[in-house]
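# Descriptive structure summary
Take a look at the letters that make up each chain.
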Amino acid sequence: MEAVNLLSSNKYTEKQIGYLFISVLVNSNSELIRLINNAIKNDLSSRNPTFMCLALHCIANVGSREMAEAFAGEIPRILVAGDTMDSVKQSAALCLLRLYKTCPDLVLMGEWTSRVVHLLNDQHMGVVTAAISLITCLSQKNPDEFKTCVSLAVSRLSRIVSSASTDLQDYTYYFVPAPWLSCKLLRLLQCYPPPEDGAVKGRLVECLETILNKAQEPPKSKKVQHSNAKNAILFEAIALIIHYDSEPNLLVRACNQLGQFLQHRETNLRYLALESMCTLASSEFSHEAVKTHIETVINALKTERDVSVRQRAADLLYAMCDRSNAKQIVAEMLSYLETADYSIREEMVLKVAILAEKYAVDYSWYVDTILNLIRIAGDYVSEEVWYRVIQIVINRDDVQGYAAKTVFEALQAPACHENMVKVGGYILGEFGNLIAGDPRSSPLVQFNLLHSKFHLCSVPTRALLLSAYIKFINLFPETKSTIQEVLRCDSQIRNSDVELQQRAVEYLKLSSIASTDVLATVLEEMPPFPERESSILAKLKKKKGPGAVSVNELEDAKREGGELNGGGERGGDTSAMAASNASTPSPSADLLGLRPGPAAVSVAPPSAGSLLVDVFSEGPAAPSTAVNDDGFLSSAPPPPAAVSEDPAPPLPEAEELLNKFVCKNNGVLFENQLLQIGIKSEYRQNLGRMYLFYGNKTSVQFVSFTTTVTCSVELQSQLNVQVKTVEPLVEGGAQVQQVVNIECLTDFIDAPLLNIKFRYGGALQNLTLKLPVTINKFFQPTEMLSQEFFQRWKQLSQPQQEAQKIFKAVHGIDAEVVKAKLLGLGTALLENVDPNPENYVCAGVIQTKAQQVGCLLRLEPNAQAQVSLNSVNVHVHTDTYTCTSAHTIHNSGLKIVRFLDSLVR
Amino acid sequence: MQFMLLFSRQGKLRLQKWYVPLSDKEKKKITRELVQTVLARKPKMCSFLEWRDLKIVYKRYASLYFCCAIEDQDNELITLEIIHRYVELLDKYFGSVCELDIIFNFEKAYFILDEFLLGGEAQETSKKNVLKAIEQADLLQEVRLTCPTSTPLYACFLLSCSFLLSSSSH
């Protein structure tokens, strides 16, 4: 409070301290803000430049929304007024900038725009310097409105660049004319494409050339400040040249200049040159020029003492890599990895993996590179990297033999990384036969080699190895007894880990019972993976941080990850499916492979192949239930569903979703991140047809997509529901349609349940909704006159024929809304029937196969009862034209009342 | 520029200026993290580093580190010279400035900074003009200081400012 008093003081010292206090210590939410604003307002209108500046500084320092609200209108006026002092203008410009950054919605330039732009022409350099920050920020947001600034900026820049170092007096900094302003002008120009006007463009190119020329001139001072200021302008000019990306001559010159800096003794310059060259490398005009510096950059990677500089060098190598130098760069990066800082290793690994794949001419080089990568920096090799090498090996049969040989050799090292064991297990399990001819890598040798690593590995790797073993039994029948021995030993078959135990038990059983043919089918070689963007690339983008990547890409990355992890895919339930899978494999095909084929589905519950997947989505099935010898031997179709795949209980919101559709026939029934379900339905008499639209909102296929509609036992006798089956694959972004035919046999209360199951990225999605079929859908509206209505109303007065409920209308009573709802309910809304115009009266006949039920309805809103709580009194009288038990009629009536209850809510 | 920090070689914060709204907790966290990072760097290393999604530009003058956080598209070298110009201004004003000047006359350091940078952007790069503005203000102040009633209040607020500033730096 005292501080606020100080503000209103006429004494400068007191005012100044008051402002300091407030700038430093007052939070924007302070309750004093109104008093403070008042004091500021006085100072702003005081016409005393010193006081005005103090006030503006304070606004800029606090920069709260309240301040913006109070002063955003005033400050532009001060800024452009002719009689404002220069120093006040400077403060006003930056003060406005700060408010604009806080609340862009409150700062409206509109009419001031052109006068603000013309501040670029101001006599006073300080005013231009301050104004240009404001203009740059505004131009970024509304480039069109500020377009005129381009030519002004170019002429200003040209004047500065061509001026002698003494012309600008105190705005010359260590012999460099107006370095801050020059940088800002160049920065402003980067908000726009190259100028269209030839003269302006020519002048600008001239400026840029002058700046590049000056870099070659001998320095006017030995001071680091001189070179820093000069080079700051140079780098900003290069950034503009790169931004335009249209002047090959300038681009190459820029590149050469940066090349000189690469060997400069100033670390700062080397750092900036590496950084700037990274962007140059992506321009087609300068890519080749950048490549000429490869030796220097490699040298920087090896010898720089500062890790942040080495990081830039690695980035640049990555950016300048193409087919011609890939082998050299990858080799250098690999050798650097051995000594690289821990903080950048993972990113380096990803980059090497990407380059190796992108520029692989022969895939044996690629395999070598990745195996080297695992050998050198195994801990930093993320799963995406080794998934990818397996995908590629599986998809290219020319490299499979080589891969098997190399990985076999790599595994012989006394200590090898677990990732190597994973790749080894997978590849030998698939392609071990390709090198089995050599006695040094005979089947048994291969097996013993893998098994020697087994005990050192984590559970997921062990599970993978077990799968490799069962593949061995198929590839090499001679290893069968050895492997069975291994599987049979207590440490496997009684392993405390459920997954391992289950695999051991199942594989043992499989190997002893199945005939060779069955085994060969079950353990067939993996089908090729579909081509798609490397998941590693996505991961790298993700690592680059949120600044560099849009949310979409991030999501893609996540999805890719999910997909790859999707080991639990059960591609096909029938052999036909398996065959079709081989030709058009699903993107989420089981990477860990060894997916039990058709017959084995009944043997191995889905979790068997799904090590890396979250097993919890399905719940580990007990091994005992999984072994189903009968189904397996007779190759009968698999049991309808494993225990864990029972339909989920209806969603908690199912009832609410159902109520949404009481009065309408079309709309979106359900939506989550993956799936959208839309409904269109039509009803005639006692028949209905419903179209369900399942939309896949992701870019990934849904597999094993099944839907079932079930009716409770009671409902089965009341409602006849027929569903057409849908295709089990729903492509990313696609929509499938399903037709449901409904016949109403007699009145009913429950709604049928709709269960949807599919696999997304390996995880089973299971959800149950209520199908919005309600008794009122079978209403046929009936018109009748007042007299007739009340005559019938009175006839239907037995207790079973009447249902009544009083409830509160949550949203108030709006006549139009209620009318629409009642029509939506399916009844006829009878006008001029009830003597009380407030009341609504409806009549309709419910059409069922067995009977027709007449139904009269009266809704009596009571708006007066309480001010805020409107209540509605509904009577429903039901009648039957054919004979039926009073009980169900009463139920129907109650049901309708319930619907009304829900609809008014 | 998003913020500027001045801290000593011992990691004591001497001046802080934030140009983006942040909570006190966040400010403390950032300060702690940056002071540690910068102090750990060796003298010959480059003056720029990537930190979160910002670029940090720092320079050491005697026992004081000046450290600025700028955005991705901002120019590192010119920021380095902003630091230098600020040091020059302090130096000129105090006459070969030292850490103690800033500790005892922190309000002057803030006033000079406000004249030079506002809202994170350069307001006036001319050394002469900035110092002129400050001197004018001082002139007004000297005249007023003779007025006896204002002195206790002035001192009292300086004290409380200084107390709160230093407490927020820990």
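Just above, that's the structure.
These figures come from a predicted structure and were not determined experimentally.

Each helix and strand in chain B was counted, giving six helices and seven strands. Each helix (α) and strand (β) of chain B, taken in turn from the N terminus, gives the series β-β-α-β-β-β-α-α-α-β-β-α-α. Out of the 170 residues belonging to chain B, those deemed buried represent 55%. Expressed as a percentage of contacts within chain B between residues at least 6 apart in sequence, the contacts between residues at least 24 apart total 51%. If you sum the accessible surface of chain B, you get close to 7700 Å²; carbon and sulfur atoms cover 57% of it.

What follows concerns the overall build of chain A. Counting its regular elements, chain A contains 40 helices and 16 strands. Counting every position in chain A, which comprises 905 residues, the buried fraction comes to 57%. Summarising the internal contacts of chain A: among those between residues at least 6 apart in sequence, 70% fall at separations of at least 24. Per element, the accessible surface of chain A, about 38100 Å² overall, is 51% carbon and sulfur.

Looking now at the packing of aromatic side chains. Residue and element names in this part refer to chain A. Going through the model one piece at a time under the given rule, you end up with 24 aromatic pairs over all chains. Relative to Phe778, the ring of Tyr683 lies with its centre 5.3 Å away and its plane at 80 degrees, an arrangement referred to as edge-to-face. Taken together, the residues Tyr683 in strand 4 (residues 675-684) and Phe778 in the loop between strand 10 (763-770) and strand 11 (779-781) connect sequence positions 95 residues apart. Both rings, one in Phe702 and one in Phe705, keep their centres 6.4 Å apart while their planes meet at 5 degrees; by these two values the pair is stacked. The pair Phe702 / Phe705 is uniform in exposure class, with both members buried. We note Lys351 situated over the ring of Tyr318; from NZ or CZ to the ring centre the distance is 5.3 Å.

Once that is clear, we can look at the sheet that holds strand 3 (residues 667-671) of chain A. Residue and element names in this part refer to chain A. Across the sheet, which stays open at both edges, the five strands sit in the order 3-4-5-8-7 with antiparallel pairing between neighbours. Of all strands in the sheet, those with a lone pairing partner are strand 3 and strand 7 (719-723), marking the two edges. Sheet twist, expressed as the average angle between the axes of neighbouring strands with direction ignored, equals 25 degrees. For strand 3 and strand 4, the ladder comprises four bridges, and the chain directions are antiparallel. Bridging across to strand 4, Glu671 finds its partner in Gln676.

It is worth spelling out unusual backbone geometry at this point. All names here are of chain A. Of note in this structure, Ala178 is not a glycine but carries a positive phi near 40 degrees. Within the secondary structure, Ala178 is located in the loop between strand 2 (176-177) and helix 11 (179-189). In this structure, Gln685 is a non-glycine residue whose phi angle is positive, near 50 degrees. Relative to the helices and strands, Gln685 resides in the loop between strand 4 and strand 5 (687-696).

It is worth spelling out the interface of chain B and chain A at this point. Contacts between the two partners involve 58 residues from chain B, matched on the other side by 59 residues from chain A. Summing both sides of the interface, chain B and chain A together bury roughly 5200 Å²; the carbon and sulfur share of this comes to 60%. Linking chain B with chain A are four salt bridges, by the criterion used here. Measuring nitrogen to oxygen at the nearest pair gives 4.0 Å for the salt bridge that ties Glu121 of chain B to Lys101 of chain A. Summed over the shared surface of chain B and chain A, the result is 25 residue pairs in polar contact (both at pLDDT 80 or more). Among the elements of the structure, strand 2 (13-18), strand 3 (48-51), strand 4 (54-61), helix 2 (76-94), helix 4 (106-116), strand 7 (121-122), helix 5 (127-145) and helix 6 (150-168) of chain B are those that each provide at least two residues to the side of chain B that touches chain A. Across the side of chain B that touches chain A, the residue classes tally to 27 nonpolar, 13 polar and 18 charged.

Here we come to the pairing of strand 8 (residues 735-744) of chain A. All names here are of chain A. Within strand 8, eight of the 10 residues are buried, which leaves it mostly tucked inside the rest of the structure. As judged from the nine bridges shared by strand 5 and strand 8, these two strands associate in the antiparallel manner. Bridged to Tyr694 within strand 8 is Val736. Pairing of strand 7 with strand 8 involves five bridges; the strand directions are antiparallel. In the strand pairing of strand 8, Leu719 is matched with Cys744.

Next up on the list: the environment of Cys183 of chain A. Position of Cys183 of chain A among the secondary structure elements: in helix 11. Take Cys183 of chain A: its relative accessible area is 4%, and that puts it in the buried class. Between the C-alpha atom of Cys183 of chain A and that of Ile233 of chain A, which follows or precedes it by 50 residues, the distance is 5.3 Å. Sequence-distant contacts of Cys183 of chain A, that is, excluding residues within four places in its chain, are made with Ala232, Ile233 and Glu236 of chain A together with Asn75 and Ile78 of chain B.

Our focus in this paragraph is the sheet that holds strand 5 (residues 64-70) of chain B. Strand pairing in a sheet is mediated by backbone hydrogen bonds. Such pairs are either parallel or antiparallel. The five strands lie next to each other as 2-1-5-4-3 (chain B), forming an open sheet whose pairing is antiparallel. The open sheet has two free edges, formed respectively by strand 2 and strand 3 of chain B, since each of these has just one partner strand. Sheet twist, expressed as the mean angle between neighbouring strand axes with direction ignored, is 20 degrees. Sheet contacts for helix 15 (residues 267-280) of chain A: strand 3 and strand 4 of chain B; angle to strand 3 of chain B, the most-contacted strand, approximately 50 degrees.

Residue and element names in this part refer to chain A. Counted under the stated rule, the structure contains seven cavities of 30 Å³ or more. The calculated volume of the second largest cavity comes to roughly 60 Å³. Forming the walls of the second largest cavity are Pro195, Lys201, Leu204, Val205, Leu208, Ile241, Tyr244, Glu247 and Leu250. For the lining of the second largest cavity, the secondary-structure elements that each account for two or more residues are helix 12 (198-216) and helix 13 (224-244). Considering each element in turn, the lining of the second largest cavity owes the most residues, four residues, to helix 12. For the lining of the second largest cavity, a count of residues per class yields seven nonpolar, no polar and two charged.

As a further point, take the pairing of strand 5 of chain B. All names here are of chain B. Burial runs high along strand 5: seven of the seven residues are buried. A two-sided burial pattern is seen for strand 5, the buried positions comprising Leu64, Phe66, Cys68 and Ile70 on one face and Tyr65, Cys67 and Ala69 on the other. When strand 1 (residues 3-8) meets strand 5, the two strands line up antiparallel, connected through six bridges. If you follow Phe3 over to strand 5, its bridge partner there is Ala69. Relative to strand 5, strand 4 runs antiparallel, the two sharing seven bridges. When the sheet's bridge partners are listed, Val57 is paired in strand 5 with Cys68. Adjacent in sequence and paired antiparallel, strand 4 and strand 5 are bridged by two residues, among which Ala62 carries a positive phi angle near 50 degrees.

Rules of the game
- Residues numbered from 1 in each chain as written.
- Chains lettered and ligands numbered in written order.
- Predicted model: local features only at pLDDT ≥ 70, side-chain atom pairs only at ≥ 80, totals over all residues.
- Heavy atoms only, no water.
- Helix = DSSP H or I, 4+ residues; strand = E, 2+ residues; numbered from the N terminus.
- Buried < 20%, exposed > 50% of the residue type's maximum accessible area, 1.4 Å probe, protein only.
- Contact = heavy atoms within 4.5 Å.
- Areas by Shrake-Rupley, 256 points an atom, 1.4 Å probe, with all protein chains shown as cover.
- Phe/Tyr/Trp six-rings, centres within 6.5 Å; stacked < 30°, edge-to-face > 60°.
- Lys NZ or Arg CZ within 6 Å of the ring centre and 35° of its normal.
- Pairing = 2+ DSSP bridges.
- Axes fitted to C-alpha atoms, helices over the stretch in contact; angles between N-to-C directions.
- Buried area = accessible area lost by both parts, 1.4 Å probe.
- Salt bridge = Lys/Arg side-chain N within 4 Å of Asp/Glu carboxyl O.
- Polar contact = N/O pair within 3.5 Å; in protein donor to acceptor, adjacent residues only side chain to side chain.
- Nonpolar A, V, L, I, M, F, W, Y, C, P; charged D, E, K, R; others polar.
- 1 Å grid on protein atoms, 1.4 Å probe; cavity = no way out; pocket = protein on both sides within 12 Å on 5 of 7 lines; lining within 4 Å.
- Points joined across faces, edges and corners; volume = space filled by probe spheres on them.

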